[in-house]
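Residues per chain are reported as follows:
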Amino acid sequence: FSSRRRHTRWNCDWSSDVCSSDLFDITTLGFPASLQAAIGDPRSFPVVNITGLGTSSSIPNLGTGAVFGGADVIAFGMDSFSLMGSVTKTLSKHTVKTGGEYRMIRFNTRQNSDSAINYGFTPAFTQGPNPAAASATAGIALASFLLGNPASGSITPSPAISMQTLYYGFYVQDDWKITPRLTLNLGLRYDFESPRTERFNQLTNFDFNATPPLSGAGLDLKGALTFVNTGGLPRYNANPDRNNIAPRIGFAWRMRDKTVIRGGGGLFYGTQLGVGGEPATFGISGFQTSTSMVTSLDGVTPKDTLSNPYPNGLNRPSGNSLGAATLLGQDVAFNDRGNYVPYSAQWNFNIQRELPWQVLFDIGYAGSRGIGFSQDRQLNQLPDSALALGDALRQQVPNPFFGKISIGALAAPTLARAQLLRPFPHFTAVTSRNASWASSSYNSLQLKVEKRYSKGFSLMGSWTYAKLFDYGTGPWGGEALGGSTFQNWNNLRPDWSVSTTDQTHRLVLNGVWALPFFSKTSGVTKAMLAGWELGAIFSNFSGGPIGVSSAVNNTFSQGGNQRPNWSGASPAVVNPTPDRWIDASVFSNPAPYQFGNVARTLSGLRTDITQQIDMTASKTTVLYEKLRLQFRAEFFNLTNSPRFAPPNSSFGNAQFGVVSSQLNQPRIIQFGLKLMY
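Cut-offs and rules
Residues numbered from 1 in each chain as written. Predicted model: local features only at pLDDT ≥ 70, side-chain atom pairs only at ≥ 80, totals over all residues. Heavy atoms only, no water. Helix = DSSP H or I, 4+ residues; strand = E, 2+ residues; numbered from the N terminus. Buried < 20%, exposed > 50% of the residue type's maximum accessible area, 1.4 Å probe, protein only. Contact = heavy atoms within 4.5 Å. Areas by Shrake-Rupley, 256 points an atom, 1.4 Å probe, with all protein chains shown as cover. Pairing = 2+ DSSP bridges. Polar contact = N/O pair within 3.5 Å; in protein donor to acceptor, adjacent residues only side chain to side chain. pLDDT = per-residue confidence, 0-100. Phe/Tyr/Trp six-rings, centres within 6.5 Å; stacked < 30°, edge-to-face > 60°. Lys NZ or Arg CZ within 6 Å of the ring centre and 35° of its normal. Core = buried A, V, L, I, M, F, W, Y, C linked by side-chain atoms within 4.5 Å. Patch = residues over 30% accessible without salt bridge, like charges linked within 9 Å, V, L, I, M, F, W, Y side chains within 5 Å. Salt bridge = Lys/Arg side-chain N within 4 Å of Asp/Glu carboxyl O.

Student: Give a detailed account of the overall build of the chain, specifying residues and quantitative values.
Tutor: Of the regular secondary structure elements, the chain holds four helices and 35 strands. Expressed as a percentage of its 677 residues, the buried residues of the chain come to 45%. Of all intrachain contacts in the chain linking residues separated by at least 6 positions in sequence, the fraction that spans at least 24 positions is 73%. Only carbon and sulfur atoms are counted for the fraction: they give 58% of the accessible area of the chain, which is about 33,000 Å².

Right under this line is the structure:
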């Protein structure tokens, strides 16, 4: 029996320049005192993003990426309890193994990013002469900022949640030695991971057939939030997925004395627990309520401005007390009860050959197909056919919800015609969080040559040539990746493209050499000059593909995004520089109410390669019997080679195609002494 506790807390204080805006009083900027009082703590300078003015950076796991205004609060702890056992029995040519495992995992989390005070400014409100048409010279985001007309603004405080899942796993495997040269591996595994429960039942679902309490609206409305442990629902946030049976098969055949052929395949099940640390990623609408600015009713005419961004006050969480009436007229996010555990089919085949001088040569193929990966899904986009209405989508019509909904854009006497044509017109955004719909496909050729350690020397080189396709990287924390946005939720086929994590080539060379010099000397000479060991690693990786988006969304699709049109010519610059990484001439803005034709990512347009040498030199000196002293000198990025961050890939942004930061660390040299007994 074992248990493990992991606890992390990171909070802002005056010693961190990342959070220098913590405790800031926004009334000094002209915001209403009522807004500051309603926000409460933590307080911070507002996060303001102006298209074309800003830099990109890659600071892992710091929420807002260290932008001015960041006052992130991150607190989480994990308890993991496990019980496991196994039995092995040898029967002539069979070695049978069986066992099982039980885990209880508790995940406690609270995360507030920049106090959730965000304002985004784009050229949308200052572009012309046609306010619905974008171009490289139409509109200036800074002008929109000076006018106090943001394109978006929101406040989303987050509650703390405490979740638990239970896991059971059982397996049986038979290693069958058919002949002295051929072994067959047969196995079967069963996994069950219970859906999440939350200590205070702060988890939300959605009933697509429920009728919301909006009688008299004159519309056939369907869809409403539901809540665990109410209305007959269990405490689980999804239906149990109990059919996770995973067969495995493999073989090893010694074809010659120095040649071995191996292969295998099987099904492997993942987990739904690790979909991020932010509470909102688990679907908690009702217990978390966002207040969004009503920046415009028709998409081109400003409404609420920075001087009083939330004239009707901030929304307050109602929990599950309002039932189907929860968050009507607002954004909602939930966990679909039909979500299931993601899984993948994996297979491989390789040939190993021992060459002269203790050299091992290995060549193989590996592939996988992922199913049911977690990815958000926007469900309230207009049907594609509605875009043919053009400007009529923005026309103001009488609001059938007036007097029945009191918060947000749906509380006004009129609203845009587009809102009434959405699948769920009584909500704005309807997001299925981490829905089980995404997939992936991976194929690779793998080659390895290894000189095994002998006479103080070893050398190994590996090269992988691969291609990875997917619908997106899903929840991801870490370094910056090339931009990629889903464009049309009604047609996701163009979003199946090369993954932003794809690396066509991966070459790694590493070696260790125990220097033989002065090993036969004695005294001071041996103490100083003998016993040195050198090690080095050379890495060379392809850059990832870049996804090009549009700075302004003129689809008016009520949920979809926009990418530019692409002529088909290569957007890659022959000799890219930080000032010009992408050829903008091959892209153009699509007409209003239309989606662009460029794919989510472009395999021929890549971020900077990784090319780095790391070295170490160490010497171990015996001081007395088992007491040894080791000196180490380590050199990271020995050649001080820069790796540029992904360029700005938002077409229409003044910084499009420009690299604004370095992704890797410059040369680092460090020395150390270690006393070992």
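There is more to say, and it comes next.
Student: Please set out the pairing of strand β17 (residues 359–378) residue by residue, giving values where relevant.
Tutor: In regular strands, side chains alternate between the two faces of the sheet. Relative to β17, strand β16 (residues 343–355) runs antiparallel, the two being bridged by 13 bridges. The partner of E354 across the bridge, within β17, is L360. Sheet analysis places β17 next to strand β20 (residues 430–454), joined by 18 bridges and oriented antiparallel. Paired with S374 across the strands is S436, a residue of β20.

Student: Now, about unusual backbone geometry: what can you tell me, with residues and values included?
Tutor: The general pattern is negative phi for most residues beyond glycine and trans for most peptide bonds. Note that the residue after G128, namely P129, is joined by a cis bond; omega there is 5°. Assignment of secondary structure puts P129 in the loop between β5 (117–121) and α2 (141–147). Of note, K455 is a non-glycine position whose phi angle comes to about 55°, a positive value. Take K455: it is sitting in the loop between β20 and β21 (457–470).

Student: Give a description of the side chain of N637 that names residues and reports values.
Tutor: Relative to the elements of secondary structure, N637 occurs in the loop between β33 (627–636) and β34 (650–651). Overall, the relative accessible area of 1% leaves N637 in the buried class. In terms of polar contacts, N637 uses its side chain to reach the backbone carbonyl oxygen of Q665, at 3.0 Å. In this view, N637 contacts Q612, I613, D614, N664, Q665, P666 and R667; residues no more than four positions away in its chain are not counted.

Student: Break down the confidence of the model for the chain for me, with residues and values.
Tutor: Here the chain averages 87 in pLDDT, and 90% of its residues register 70 or above. Across residues 1–20 the pLDDT falls below 50, and counting only partners more than four positions away or on other chains, this stretch makes 48 contacts in the model.

Student: Tell me about the pairing of strand β8 (residues 182–193), and please be specific about residues and values.
Tutor: In terms of strand pairing, strand β7 (residues 161–179) meets β8 through twelve bridges, oriented antiparallel. Looking at the pairing, K177 lines up with T183 of β8. In this antiparallel pair of consecutive strands, β7 and β8, the connection spans two residues. Direction of pairing for β8 relative to strand β12 (residues 244–256): antiparallel, over a ladder of ten bridges. Bridge assignment links D191 to a residue of β12, and that residue is N244.

Student: Quick rundown of the packing of aromatic side chains? Include the residues and the values.
Tutor: Throughout the structure, instances matching the rule amount to 27 aromatic pairs. Plain terms: the ring middles of Y102 and Y168 are 5.3 Å apart, the flat faces sit at 50° to each other, and that makes the pair tilted. Here Y102, found in strand β4 (residues 94–112), pairs with Y168, found in strand β7; they are 66 residues apart in sequence, far enough to count as distant. These aromatic residues form a ring-pair network of at least three members: W437, F469, Y471, F486, W489 and W496. Across the ring face of F541, the terminal group of R506 is positioned such that the distance to the ring centre comes to 3.9 Å.

Student: An account of the nonpolar core is requested, with residue identities and associated values reported.
Tutor: One finds F206, L225, F401, F427 and V430 to be the most contacted residues of the largest nonpolar core, which totals 18 residues. Where this core is concerned, the elements lending two or more residues are β11 (224–227) and β15 (332–334). When near neighbours in sequence (up to four residues on either side) are disregarded, L225 contacts T204, N205, F206, S285, G323, A324, T326, L327, V332 and F334. In this structure, F31, I39, I50 and I155 belong to the second largest nonpolar core, which totals 13 residues.

Student: Account for the environment of G403, with residues named and values stated.
Tutor: Its place among the elements puts G403 in the loop between β18 (396–398) and β19 (414–416). Residue classification places G403 among the exposed positions, given a relative accessible area of 71%. Taking the C-alpha atoms as reference, G403 lies 8.3 Å from P413; in sequence the two are ten residues apart.

Student: So what's going on with a nonpolar patch on the surface? Residues and values would help.
Tutor: Together, F457, L459, W513, F517, F518, V524, M528 and L529 make up an exposed nonpolar region whose accessible area comes to about 810 Å². Taken together, the elements giving at least two residues each to the nonpolar patch come down to β21 and α4 (523–529). Per-element tally for the nonpolar patch: the top contributor is α4, with three residues. Along the chain, V524 turns up in helix α4. Classification of V524 as exposed rests on a relative accessible area of 66%.

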